[in-house]
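Summary of the model geometry
One-letter residues, chain by chain:
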Number of protein chains: 2
Amino acid sequence: MRQGAGLDVAALDRDDPLRHKREAFDIPDGVIYLDGNSLGPLPKAVAPRIAEVVAKEWGKSLIRGWNDHDWIDLPARVGGKVARLIGAEPGTVVATDSTSVNLFKVLAAALQLRPDRRVILSDSGNFPTDLYMAQGLRDLLDRGHELRVVAPEDVEAAIDETVAVVMLTEVDYRTGRRHDMATLTAKAHSAGSLAIWDLAHSAGALPVDLQGAGADFAVGCGYKYLNGGPGAPAFLYVAPKHQGSVTPPLSGWMGHAAPFAFDLDYRPAAGVDRMRVGTPPVLSLAALDAALDVFADVDMEAVRAKSISLCRLFIAEVEARAPDLVFTGPHDFTGRGSQVSFSCAYGYPLMQALIDRGVIGDFRAPDIVRFGFTPLYLSHADVLRAAEILGEIVAAKAWDQEKYHRRAKVT
Amino acid sequence: MRQGAGLDVAALDRDDPLRHKREAFDIPDGVIYLDGNSLGPLPKAVAPRIAEVVAKEWGKSLIRGWNDHDWIDLPARVGGKVARLIGAEPGTVVATDSTSVNLFKVLAAALQLRPDRRVILSDSGNFPTDLYMAQGLRDLLDRGHELRVVAPEDVEAAIDETVAVVMLTEVDYRTGRRHDMATLTAKAHSAGSLAIWDLAHSAGALPVDLQGAGADFAVGCGYKYLNGGPGAPAFLYVAPKHQGSVTPPLSGWMGHAAPFAFDLDYRPAAGVDRMRVGTPPVLSLAALDAALDVFADVDMEAVRAKSISLCRLFIAEVEARAPDLVFTGPHDFTGRGSQVSFSCAYGYPLMQALIDRGVIGDFRAPDIVRFGFTPLYLSHADVLRAAEILGEIVAAKAWDQEKYHRRAKVT
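Chain A goes by Kynureninase in an unreviewed UniProt entry, where it is assigned to Stappia albiluteola. Quoted verbatim from the Sequence similarities (unreviewed entry) field of UniProt, the annotation for chain A is "Belongs to the kynureninase family." For chain A, the Subunit (unreviewed entry) comment in UniProt is given as "Homodimer."

With that out of the way, let us pick up unusual backbone geometry. For the bond from alanine 365 of chain A to proline 366 of chain A, the omega torsion is 5°, close enough to zero to count as cis. In this structure, leucine 62 of chain B takes a positive phi of about 55° despite not being glycine. Residue placement: leucine 62 of chain B occurs in the loop between helix 2 (46-61) and helix 3 (65-68). The class for leucine 62 of chain B is buried, based on a relative accessible area of 0%. If you check the backbone angles, phenylalanine 262 of chain B has positive phi at about 55° while not being a glycine. Overall, the relative accessible area of 5% leaves phenylalanine 262 of chain B in the buried class.

Residues and elements named next belong to chain A. The UniProt record marks Lys224 with the feature "modified residue: N6-(pyridoxal phosphate)lysine" (unreviewed entry), using the residue numbering of this structure. Residue lysine 224 is classed as buried on the basis of its relative accessible area of 11%. In this structure, lysine 224 is in contact with Gly36, Asn37, Ser38, Leu39, Gly40, Ala200 and His201, ignoring residues within four places of it in sequence. Within the structure, the side chain of lysine 224 is placed 3.2 Å from the backbone oxygen of asparagine 37, a separation counted as a polar contact.

Another aspect to go through is the relation of the copies chain A and chain B. With an axial shift of 0.0 Å and an RMSD of 0.0 Å, the rotation relating chain A to chain B amounts to 180°. On this basis, the relationship between the two copies can be described by a two-fold rotation axis. Looking at chain A, 100% of its interface residues are interface residues in chain B too, so the copies touch through the same face.

Moving on to the sheet that holds strand 7 (residues 119-123) of chain A. Residues and elements named next belong to chain A. Read across the sheet, seven strands follow the order 6-12-11-10-9-7-8 without closing on themselves; strand pairing throughout is mixed. Both outer strands of the open sheet, strand 6 (93-95) and strand 8 (146-150), are each paired with one neighbouring strand and no more. Ignoring which end each strand starts from, the neighbouring axes of this sheet average 20° apart. Judged from the five bridges that link them, strand 9 (residues 163-169) and strand 10 (residues 194-198) form a sheet pairing that is parallel. Bridge pairing in strand 10 links leucine 168 to tryptophan 197.

Residues and elements named next belong to chain A. Counting through the fold element by element, aspartate 382 comes out in helix 14 (residues 380-395). Accessibility expressed as a relative area gives 23% for aspartate 382, which makes it partly exposed. C-alpha separation for the pair aspartate 382 and tryptophan 253, spaced 129 residues apart in sequence, amounts to 48 Å. In this structure aspartate 382 touches Ile32 and Tyr377, once residues within four positions along its chain are discounted.

In this structure, Ile86, Phe314 and Leu325 of chain A together with Ile86, Phe314 and Leu325 of chain B are the most contacted members of the largest nonpolar core, which totals 253 residues. With ten residues, the top contributor of residues to this core is helix 12 (residues 300-321) of chain B. Excluding residues within four positions of it along the chain, isoleucine 86 of chain B makes contact with Val93, Leu199, Ala203, Val208, Asp209, Leu210 and Phe235 of chain B. With 64 residues, the next largest nonpolar core counts Leu103, Ala108 and Leu131 of chain A together with Phe217 of chain B among its residues.

Residues and elements named next belong to chain B. Within this structure, the stated rule accounts for 35 aromatic pairs over all chains. Here the aromatic rings of phenylalanine 314 and phenylalanine 373 are separated by 5.1 Å at their centres, their planes lie at 50°, and the arrangement is tilted. Within this pair, whereas phenylalanine 314 is found in helix 12, its partner phenylalanine 373 is found in the loop between strand 17 (368-372) and helix 14 (380-395), the two being separated by 59 residues in sequence. Across the pair, phenylalanine 373 and phenylalanine 314 agree in class, each one buried.

As a further point, take helix 8 (residues 181-190) of chain A. All names here are of chain A. Considered for burial, the residues of helix 8 that qualify are Met181, Leu184, Thr185 and Ala188. Viewed along the axis of helix 8, the buried residues span an arc of 100°, placing them on a single side of the element. Buried positions along helix 8 lie against helix 7 (155-158), strand 9, strand 10 and helix 9 (210-213). Positive phi shows up at glycine 192, right after helix 8, with a value of about 80°.

According to UniProt, the positions carrying the feature "binding site: pyridoxal 5'-phosphate" (unreviewed entry) are Thr99, Ser100, Phe127, Pro128, Thr129, Asp130, Thr169, Asp198, His201, Tyr223, Trp253 and Thr279 of chain A. Spanning 181 residues, the named residues do not form one spatial group; their C-alpha atoms are separated by as much as 30.4 Å. Position of threonine 99 of chain A among the secondary structure elements: in helix 5 (residues 99-113). With respect to the secondary-structure elements, threonine 129 of chain A resides in helix 6 (residues 128-141). Each residue touching threonine 129 of chain A, except ones within four places of it in the same chain, is listed here: Ser100 of chain A together with Gly252 and Trp253 of chain B.

This paragraph deals with the domain arrangement of chain A. Residue and element names in this part refer to chain A. Under the domain assignment used here, chain A contains domain 1 (3-30 + 299-395) and domain 2 (48-295). Computed from C-alpha coordinates alone, the two centres of domain 1 and domain 2 are separated by 29 Å. Facing 25 residues of domain 1, the contacting portion of domain 2 comprises 18 residues. Note on domain 1 versus domain 2: buried area summed over both sides is about 1,800 Å², and carbon and sulfur give 59% of it.

Once that is clear, we can look at the state of the cysteines. Working definition of a disulfide: a covalent bond connecting the sulfur atoms of two cysteines. By the definition in use, this model includes zero disulfides over all chains. Its sulfur unpaired, cysteine 221 of chain A is 18 Å from the next cysteine sulfur, which belongs to cysteine 311 of chain A.

A few words on the interface of chain A and chain B. Listed by partner, the interface residues are 88 residues for chain A and 88 residues for chain B. Between chain A and chain B the total buried area reaches about 7,300 Å² when both faces are included, carbon and sulfur atoms providing 68% of it. The largest per-residue losses of area from chain A upon contact with chain B belong to Trp58, Tyr132 and Phe262 of chain A, which jointly make up 11% of the total buried on that side. Connecting chain A to chain B are zero salt bridges.

What follows is about the pairing of strand 7 of chain A. Residues and elements named next belong to chain A. Where burial is concerned, most of strand 7 is hidden: five out of the five residues are buried. Of the two faces of strand 7, the one lined by Val119, Leu121 and Asp123 and the one lined by Ile120 and Ser122 are each fully buried. Across five bridges, strand 7 lies against strand 8 in parallel orientation. Its bridge partner being in strand 8, valine 119 is matched across the sheet by glutamate 146. Across three bridges, the pairing between strand 7 and strand 9 is parallel. From the neighbouring strand, isoleucine 120 faces strand 9, where its bridge partner is valine 165.

What follows deals with the packing of helix 2 (residues 46-61) of chain A against helix 11 (residues 282-292) of chain A. Residue and element names in this part refer to chain A. Between helix 2 and helix 11, whose axes approach to 9 Å, the crossing angle comes to 145°. Considering only the axes of helix 2 and helix 11, their crossing is right-handed. Every residue of helix 11 that contacts helix 2 at Val46, Arg49, Ile50, Val53, Val54 and Trp58 is listed here: Val282, Leu283, Ala286, Ala287, Asp289, Ala290 and Ala291. By residue class, the composition of the contact of helix 2 with helix 11 is eleven nonpolar, no polar and two charged.

So, how was this worked out
- Residues numbered from 1 in each chain as written.
- Chains lettered and ligands numbered in written order.
- Predicted model: local features only at pLDDT ≥ 70, side-chain atom pairs only at ≥ 80, totals over all residues.
- Heavy atoms only, no water.
- UniProt positions renumbered as here; feature names shortened; annotations may be inferred.
- Helix = DSSP H or I, 4+ residues; strand = E, 2+ residues; numbered from the N terminus.
- Buried < 20%, exposed > 50% of the residue type's maximum accessible area, 1.4 Å probe, protein only.
- Contact = heavy atoms within 4.5 Å.
- Polar contact = N/O pair within 3.5 Å; in protein donor to acceptor, adjacent residues only side chain to side chain.
- Least-squares fit on C-alpha atoms with pLDDT ≥ 70 in both.
- Pairing = 2+ DSSP bridges.
- Axes fitted to C-alpha atoms, helices over the stretch in contact; angles between N-to-C directions.
- Core = buried A, V, L, I, M, F, W, Y, C linked by side-chain atoms within 4.5 Å.
- Phe/Tyr/Trp six-rings, centres within 6.5 Å; stacked < 30°, edge-to-face > 60°.
- Arc of directions from axis to C-beta.
- Domains from an automatic or database assignment.
- Buried area = accessible area lost by both parts, 1.4 Å probe.
- Disulfide = S-S within 2.5 Å.
- Salt bridge = Lys/Arg side-chain N within 4 Å of Asp/Glu carboxyl O.
- Left-handed = near helix turned anticlockwise from the far one by under 90°.
- Nonpolar A, V, L, I, M, F, W, Y, C, P; charged D, E, K, R; others polar.

Next comes the structure, spelled out in structure tokens:
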């Protein structure tokens with residue numbers, strides 16, 4: 001019986017209520033995939049679904065596919081599947097565009113709802129593209145908005161009555177630190193501000209309760225824990241209370257009340273559909289749609305419990321085997337998401353050496369090695385083996401600064 | 001020997017230099033597809049390419065695909081294939097986002113280059129989403145911009161020194177009328193204005209010479225004549241002279257000078273890459289990439305010559321067989337694109353009856369039946385047969401107002 005951190009790993013896996021979900025994925029032999037937080041692996045249902053959409057729906061129905069296969073409502077159908085995972089009300093989520101573009105849409109809409117305020121509050125742990133999009137919008141509007149970026153732990157204190165919008169990513173992409181969505185949203189509302197949540201590292205990773213938290217807007221990513229494939233469509237949430245009043249800044253025909261009337265003037269559709277823009281990407285949406293079916297019978301509380309168990313095992317095993325690696329972020333899982341990061345001076349070559357041994361995580365500048373824990377397809381045995389391999393590499397100094405000098409375009 | 005409009009149709013097809021391209025497409029038996037201007041049919045190379053990208057690139061390489069298969073540069077590689085078709089210089093085109101989103105980006109960028117002017121000039125033949133996006137941007141900026149919409153024939157006279165940007169679609173989606181890109185761009189420049197061209201009904205349909213015309217910006221669609229599949233990624237062109245000075249309004253991480261440095265502040269990439277926003281949609285881009293390979297050995301002048309021949313045949317045959325149908329737009333092909341439209345009081349049920357007979361075109365409100373002519377997979381015999389079927393339906397009054405009442409979501 002293999003032991004890890006004093007745990008009976010075999011027993012944990014035997015009693016795992018999510019054990020059967022591993023069969024829903026194609027994962028290459030010899031790979032322990034700890035990067036589902038960056039790009040989810042291939043669900044087995046995707047290849048046949050895409051093949052059918054290409055050969056039958058597109059190939060045979062041609063233009064008729066928009067009606068015959070209801071392509072036109074794919075953004076809402078896929079959005080509905082995401083809604084269940086993030087505690088969103090029916091009719092509040094669409095799958096569309098990229099996370100960055102969706103963030104622009106909800107941020108511009110939120111600022112229009114708070115016309116007398118000028119501060120966008122965010123934190124230095126936000127994923128950079130969110131900050132970049134806010135900077136671009138600020139400069140485009142040229143009306144004296146300020147993007148105020150504070151340390152993650154200082155966000156709550158920084159919310160005051162000058163703040164139009166609190167714009168945060170729930171789980172920090174580097175450290176795994178998790179904001180308290182309900183508390184910060186309530187604080188925002190008490191100051192008269194609105195709250196936008198980026199769920200890139202939350203959706204499919206842990207239970208999210210947008211409705212319970214009273215979030216105003218949210219966005220998130222389709223290609224991480226939702227396993228929709230590289231560059232999968234993102235999603236966007238608008239709370240019911242705002243749906244009738246938001247003005248879409250990207251007012252495209254698919255957000256029009258009557259797209260096929262071809263009026264010359266824009267009139268927004270009812271509900272969240274007004275946040276759609278161009279023609280929906282049917283092939284990509286079909287892949288995400290099939291991928292989301294993996295979650296149909298999954299209890300997100302079970303996902304969370306197993307995620308914590310996997311993370312704890314990994315942290316303990318790595319700390320015991322590789323003292324050069326310094327765990328980042330809080331140890332208390334109330335304040336953590338589903339990935340684990342360590343800072344390490346030789347982080348980049350270490351990660352390359354791990355990948356060469358089949359343990360795939362990723363590196364985030366300047367010195368972070370990051371591992372995502374995805375309970376649908378990882379076992380405790382996988383995680384223990386990954387820690388053993390990491391320990392072997394560190395002990396043997398088998399990371400080679402020369403061999404693994406940083407040359408890749410994408411880290 | 002079958003005759004059409006006094007032409008030897010069999011001889012025209014026998015001597016057709018594009019005859020062999022039909023083999024590059026999967027088109028269902030019994031279908032004459034006259035809607036490639038709305039959604040191109042399935043190129044045979046797409047299904048195996050997508051299957052490989054899903055099963056091998058995503059499934060086996062997982063996150064490593066970004067480097068191993070150079071997914072990260074797909075927008076530029078696909079853009080380069082489009083560039084050849086639209087007379088664009090190397091390094092000026094990226095395949096990204098939707099046409100609507102791309103139009104927003106280039107329009108906002110153009111307005112920033114003309115800060116002292118307030119007029120966006122367009123025409124009532126522009127595709128509505130372009131007008132909608134301009135309306136949304138105008139309202140978002142709230143700086144007194146005016147979207148001035150004139151009749152297509154009045155555009156040239158309306159260009160004056162108040163105009164910041166002339167924003168036009170080259171080929172009218174309803175009538176097929178084609179603007180003179182070189183003349184209007186020159187007029188815009190002489191007035192100190194900039195010119196944005198939407199090539200949705202041009203790219204892959206007829207020769208386009210952005211460089212020769214001196215166009216400042218262009219956008220276009222991947223799913224019409226380029227055959228990239230439903231909702232395929234769109235493209236965007238920035239003239240070399242503007243690439244160093246344009247400010248991307250949607251300033252996402254993929255347009256950053258160093259996306260994987262994860263800086264907190266945005267710095268635009270060099271060149272057209274700064275107009276990228278979020279993570280590229282790899283599956284959709286791969287489909288478009290494979291579809292564009294059909295054009296690799298195609299001379300766009302040959303496409304144009306055959307397109308005119310097909311259109312002329314169809315117009316003559318329909319006018320002879322169905323006098324209720326009134327041809328719209330100019331007869332002179334210098335001023336026409338590659339589709340043909342007729343207005344007809346019973347246009348909607350007529351089109352449904354045609355589709356039931358395998359002749360697929362489309363309907364555009366209020367009363368337009370529209371037929372696209374795509375020389376890569378249509379023969380003169382196809383076109384003659386389509387006109388015969390149309391004539392039979394009209395003669396027999398076999399369009400049924402009751403059966404074909406307008407019920408579809410998408411027309």
